[in-house]
Number of protein chains: 4
Amino acid sequence: MAGNTFGTLFKLTTFGESHGKAIGGVLDGCPSGIILDMEAIQNDLDRRKPGQSAIVTQRKEPDNVVFYSGIFEGRTTGTPIGFAIYNTNQKSKDYSHIKDSYRPSHADYVYDKKYGFRDYRGGGRSSARETASRVVAGAIAKQFLNEISIQAYVSQVGSLRLEKPYSELDLKLTESNAVRCPDPETAANMESYIKEIRKEGDTVGGIISCVIKNVPVGLGEPVFDKLHADLGKAMLSINAVKGFEYGSGFEGVKMKGSVHNDQYKADGSTITNNSGGVQGGISNGMDIYFNVAFKPVATVIQSYETIDKDGNMVKAQGKGRHDPCVVPRAVPIVEAMAALVLADFTLLNRTIKL
Amino acid sequence: MAGNTFGTLFKLTTFGESHGKAIGGVLDGCPSGIILDMEAIQNDLDRRKPGQSAIVTQRKEPDNVVFYSGIFEGRTTGTPIGFAIYNTNQKSKDYSHIKDSYRPSHADYVYDKKYGFRDYRGGGRSSARETASRVVAGAIAKQFLNEISIQAYVSQVGSLRLEKPYSELDLKLTESNAVRCPDPETAANMESYIKEIRKEGDTVGGIISCVIKNVPVGLGEPVFDKLHADLGKAMLSINAVKGFEYGSGFEGVKMKGSVHNDQYKADGSTITNNSGGVQGGISNGMDIYFNVAFKPVATVIQSYETIDKDGNMVKAQGKGRHDPCVVPRAVPIVEAMAALVLADFTLLNRTIKL
Amino acid sequence: MAGNTFGTLFKLTTFGESHGKAIGGVLDGCPSGIILDMEAIQNDLDRRKPGQSAIVTQRKEPDNVVFYSGIFEGRTTGTPIGFAIYNTNQKSKDYSHIKDSYRPSHADYVYDKKYGFRDYRGGGRSSARETASRVVAGAIAKQFLNEISIQAYVSQVGSLRLEKPYSELDLKLTESNAVRCPDPETAANMESYIKEIRKEGDTVGGIISCVIKNVPVGLGEPVFDKLHADLGKAMLSINAVKGFEYGSGFEGVKMKGSVHNDQYKADGSTITNNSGGVQGGISNGMDIYFNVAFKPVATVIQSYETIDKDGNMVKAQGKGRHDPCVVPRAVPIVEAMAALVLADFTLLNRTIKL
Amino acid sequence: MAGNTFGTLFKLTTFGESHGKAIGGVLDGCPSGIILDMEAIQNDLDRRKPGQSAIVTQRKEPDNVVFYSGIFEGRTTGTPIGFAIYNTNQKSKDYSHIKDSYRPSHADYVYDKKYGFRDYRGGGRSSARETASRVVAGAIAKQFLNEISIQAYVSQVGSLRLEKPYSELDLKLTESNAVRCPDPETAANMESYIKEIRKEGDTVGGIISCVIKNVPVGLGEPVFDKLHADLGKAMLSINAVKGFEYGSGFEGVKMKGSVHNDQYKADGSTITNNSGGVQGGISNGMDIYFNVAFKPVATVIQSYETIDKDGNMVKAQGKGRHDPCVVPRAVPIVEAMAALVLADFTLLNRTIKL
């Protein structure tokens, strides 16, 4: 249980360091008979990949996935789907600035302490490059889920907040701009702000919102494996995430119960949806929506003080091509993790009744 | 994997409905040789139990735990610790108002849809009464953790917010008032407000903050089982929780990286602690702190409209003795779940190096 | 993962020491809607209980099960089924002969070494009394499986072997004698032999055979969780078991492939069944049959030499009421474990296809 | 839980079909800091590979492993070890004889029924080629276990049985002949017999024995995860295995308890070792030894009758290059699975005491 597996039945195990030979994974438990749309998988990878727009890191990595198994004549066979994405960009780097010293708010220090040493190249296993494997598996999960739609978008960059609720937005516009904010005006402001931040050699955080529609009633398991608890874990497992809230979230604590309660309509749907589509840990058929908070990227292109592995204070300089703000590229990752959770609970829910 | 087990090595499985014969659990994987302080276990149960103060439900349930196994001559044996808490209060209730209709924002509807029928008495398995079993196991986990201290407290009730950070509070005052807010003045305001809300037959939400000190470096597993991801899942699995954030949390998204980054001191500690004691999913030795958002209790003592199981709109009336605000009693539950997570990762961390 | 949980979806966790307050368990993942036949559960417990006949231990333990949860109005609710069997016979025993010294071929020594100390009363957790909890859960699994029939019987006691294959036996006669051997003549010989052995204060081993009929095609998961691999683990986890074989088993190694291969008939069934109902780890619809070898009970009513916990050689004397041969009482345990395996794979098999 | 993962902490997940792009796996939970001997890993692969001697299949597959991650500067990093073995031999085969019809005693039929269709090329996922991935992970486990020695050897081919117990054999001779039987005379007989069988186009079964030395006291978890239960499952998960016995095994059932019991010596070791190094599911420090029964390979080079997927009786002809007897090549597989079990229990045993 060293932490590289996610899911109970629809189960992803990932491997790989940022600058090793390859990253990849094994998706076990994916049902047989899914006719895979390979372009859709690559499309989600492309939404995550570096170099896709002017406001993300300018590294060039094609992120092409190679499938080794589990697919035959275009369909999933029910056996494990092994896949890899080669690290084409991993050579001849200069890591002298991170080999022996610890970058602030990175995982360098804790990996060294925990494991005794670490693959320091590009962050090794702690690099967000690992999430490409999640996107592959999530894209397959989406195809399994079929009628359930999962759409994430950027709702905040720094203090720039999209105030409209998702119901007033045209989520189809999400992919129309580099920020992945479905409100064009806000998107433009966010884009300008990110460019400004980048010029400073600095970074900024943001929030990704996600909406899941057409969820059947009954997904999620009491008591510990509540649907929103596993969604929360899924999101918090993404690099740089600091918070998760669903439905009324942190704002909901101020409300009175008489206002917060979602009144039923005759068909079992509810008039309001403060519950965020989940009651008692189980989906109730209403839209599921949640917010995920991302901290500012730790790598800033500035000089800083830190310690080396012998405990000496040293001066260092951030360099390389990094994201000034992680949220535009993290949108498909949020969707992928949501898809993995829903796929798992969909399978589990088949086993509940006589 | 029907969701009633928590943890990988230090593993709690709970059972029981609110108005069945008993609730209880099995704690498996608890190391041998812990000299158990039974009073400390009962004390945590008493902090959670109904009827303990004027601002919580006035139901009387003694919540005495009976241990069946796993303890011999006062020490844990390494074998599973089976325990039960009898439901002494479960008889001769009138459930006619919930048997055939669905209380808004409760789990009644989804249980019926998921399982085909439900034990409707007092909410059945979805009742927060289940959390008493977690408190028992968490109290044992605390004794295993020994030098790690876990202290939760109420930091918000409705819009009444304790603005001071935990470092400026005397957390020993937490138990000095019925609200469990360590700031006496704020506590008094919260208490008045809760009483007022109760008079209205209404309820209100709140936030519990938690601080964990003396955590060794190295707890938490990459990639999916990050320390904060499992803490988040643990908290989100508690009834009525709608959000979780740690360290800088949702506010942190507004910060620039150059400000958010925690600079190291020569001893490996950091000057600031926006990371909240966790970097890359692994504890770095600094204090871990996080917030948990609780929605207002769904049971309001008011009349309401809802549907019955045949889809007819019906009128109903909330009644019984319920909590106007759940956070004062949820403080030991937050601590218990945090203790279970830390105990599990403490054991896992023993297996990491050659 | 301290080893007290069995199953992935249909999941039993047991607790309890032989002479603590109670033994019991939690059965999680049992589907909702099973109308439980409580008499059938008690009947299986009675088949396992001490004192049931002249050839088993004469201890008196009623072994009545108390259910705490998961059952409402006679049906399973889909929530965890908590249960306990009280140890009514546990007091005022004299354990001086085992407290500080180690009985040969018992678990006393290894428990002390592994855990640092042990609950020595009656063998503690290593006592076969624990298997009563398995019988409870297995009896529920049988009711879930419904049309699949599971019948175990004694096929060997010491060197007395029932040579006929199961297909030539009337398995309904199994319960007609104390040995649980369906061949009356062999049963009588076995019974005489066991009585003789008991008079010597000695014990003897035996073999239990088990036949499972009406299994649908498709149960079992490749690669590691092959149906027969999990059946084997289930059987080997029963106290005193030393071997497991299915289908042609150890004898099959002598056969040529051209003879061993099971030729198909047009309906997909096979003419012979050397495969024992399982091919490639997956049930093929033919009868599953297997043998389980039990060693002689370690407690002999004789004097013996052993060591105490300080490594001194000491003399000791076996005493108490023990089974001269364990197989008659182990028949329902074998069935219970088989039922748990099949129930788990039945649920898993629902998740395999799109 | 689709069955492609083995182990709790030292955890192997495998993927791959016989004639897809590659087979491989992810080994998660391998402790950091192991200096890997790559030659030793390849050596175990070579012991398993086709074409290594005159009595095994003459297919040519180099079986070179490529590591993608988890190793840095020659040492394990504690992160998942991803690896692959390319299928170099997979093209331009003629599968017309197995595409639409079912080979007797193969997994063709059950895969089709379970998953709806199958990758029929070379047996797909059910091919024993998958075990190469186990050998890779097992070779790493051996290096982690270090002082524990695991030695398997062939003790029976058809009716030719090596009667001497392991203690009277020089196990270093195991690799001195193609059969992997440490008794040269018996080995020669076995080799002749296998050649004869091959000439007939037939196959025969066999038994592999395994001895594990220098095991510390304390490995194995009660109740369900007994050391020998997990060893048994590990062995039964290997293709073609029909039985498992350890210590006195099936023969032990005939013994009396007074004879079977292993008397302690002052140092905690025992005079006899009928227990096979395991008592109550926990290693006692004595040698662990067990037998694994393999059925004759199902593919015979003869004509046979079978059914096609529409239920028509058809004639077919076995062809290709297959093993006349699987046990010589299965020796390193048995060792690998034993190593995985012991590595897992070694890690688990670190978490047992305060």
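What comes next is a walk through the structure. (Residues numbered from 1 in each chain as written. Chains lettered and ligands numbered in written order. Predicted model: local features only at pLDDT ≥ 70, side-chain atom pairs only at ≥ 80, totals over all residues.)

## Some words on the overall build of chain A
Part 1 of the argument: Assigned secondary structure in chain A consists of 8 helices and 16 strands.
Part 2 of the argument: In terms of overall size, chain A behaves like a compact globule, its C-alpha atoms giving a radius of gyration of 21 Å where 354 residues would be expected to give roughly 20 Å.
Part 3 of the argument: The principal-axis extents of the C-alpha atoms in chain A amount to approximately 65 × 50 × 35 Å.
Part 4 of the argument: For chain A, the proportion of its 354 residues judged to be buried stands at 68%. (Helix = DSSP H or I, 4+ residues; strand = E, 2+ residues; numbered from the N terminus. Rg over C-alpha atoms; globule rule 2.2 N^0.38 Å. Buried ≥ 20, exposed ≤ 12 C-beta atoms within 10 Å, placed from the backbone.)

## Observations regarding the relation of the copies chain A and chain B
Part 1 of the argument: Take chain A, turn it by 180°, move it 0.0 Å along the axis, and it overlays chain B with an RMSD of 0.0 Å. Taken together, the turn and the small shift mark the pair as related by a two-fold rotation axis.
Part 2 of the argument: A shared binding surface is used by both copies, with 100% of the interface residues of chain A retained as interface residues in chain B. (Least-squares fit on C-alpha atoms with pLDDT ≥ 70 in both. Contact = placed C-beta atoms within 7 Å.)

## What about the relation of the copies chain A and chain C?
Part 1 of the argument: Superposing chain A onto chain C takes a rotation of 180° combined with a translation of 0.0 Å along the rotation axis, leaving an RMSD of 0.0 Å.
Part 2 of the argument: Most of the interface of chain A is mirrored in chain C, where 100% of its interface residues are also at the interface.

## Some points on the interface of chain A and chain B
Part 1 of the argument: Counting residues at the interface gives 91 residues for chain A, matched by 92 residues for chain B.
Part 2 of the argument: Here the residues of the side of chain A that touches chain B are counted per class, giving 36 nonpolar, 37 polar and 18 charged.
Part 3 of the argument: Here strand β11 (residues 241-246) of chain A runs beside strand β11 (residues 241-246) of chain B; their pairing, made up of 3 bridges, is antiparallel. Residue pairing in the sheet places Phe-244 of chain A in a bridge with Phe-244 of chain B of β11 of chain B. (Nonpolar A, V, L, I, M, F, W, Y, C, P; charged D, E, K, R; others polar. Pairing = 2+ DSSP bridges.)

## Focus on helix α6 (residues 227-236) of chain D
For an α-helix, 3.6 residues make a turn, and residues three or four places apart therefore share a direction.
Part 1 of the argument: Taken across its 10 residues, α6 of chain D has 10 buried, putting it largely inside the fold.
Part 2 of the argument: Among the residues of α6 of chain D, those classed as buried are Leu-227, His-228, Ala-229, Asp-230, Leu-231, Gly-232, Lys-233, Ala-234, Met-235 and Leu-236 of chain D.

## Some details on the packing of helix α1 (residues 38-48) of chain A against helix α4 (residues 131-145) of chain A
Residues and elements named next belong to chain A.
Part 1 of the argument: For the pair α1 and α4, interaxial distance at closest approach is 9 Å and the crossing angle is 140°. What the angle tells us is that α1 and α4 run oblique. Here α1 runs over α4; the crossing is right-handed. Each of Ala-40, Ile-41, Asp-44, Leu-45 and Arg-48 in α1 lies in contact with α4, whose residues at this interface are Thr-131, Ala-132, Val-135, Val-136, Gly-138, Ala-139, Ile-140 and Gln-143.
Part 2 of the argument: Considering only residue class, the contact of α1 with α4 consists of 8 nonpolar, 3 polar and 2 charged. (Axes fitted to C-alpha atoms, helices over the stretch in contact; angles between N-to-C directions. Parallel < 35°, antiparallel > 145°, perpendicular 65-115°, else oblique. Left-handed = near helix turned anticlockwise from the far one by under 90°.)

## Focus: the sheet that holds strand β7 (residues 81-86) of chain D
Residue and element names in this part refer to chain D.
Part 1 of the argument: With antiparallel pairing, 5 strands are arranged side by side in an open sheet as β1-β2-β3-β7-β4. Two strands bound the open sheet, and with one partner strand each, they are β1 (5-6) and β4 (65-67).
Part 2 of the argument: Two elements, strand β3 (residues 22-28) and β7, share 6 bridges in a ladder whose sense is antiparallel. The residue of β7 that forms the bridge with Leu-27 is Ile-81.

## Some words on the interface of chain A and chain C
Part 1 of the argument: With 12 residues of chain A at the interface, the matching set in chain C holds 12 residues.
Part 2 of the argument: Residues of the side of chain A that touches chain C, tallied by class, amount to 6 nonpolar, 4 polar and 2 charged.

Nothing here speaks to function; it is geometry throughout.
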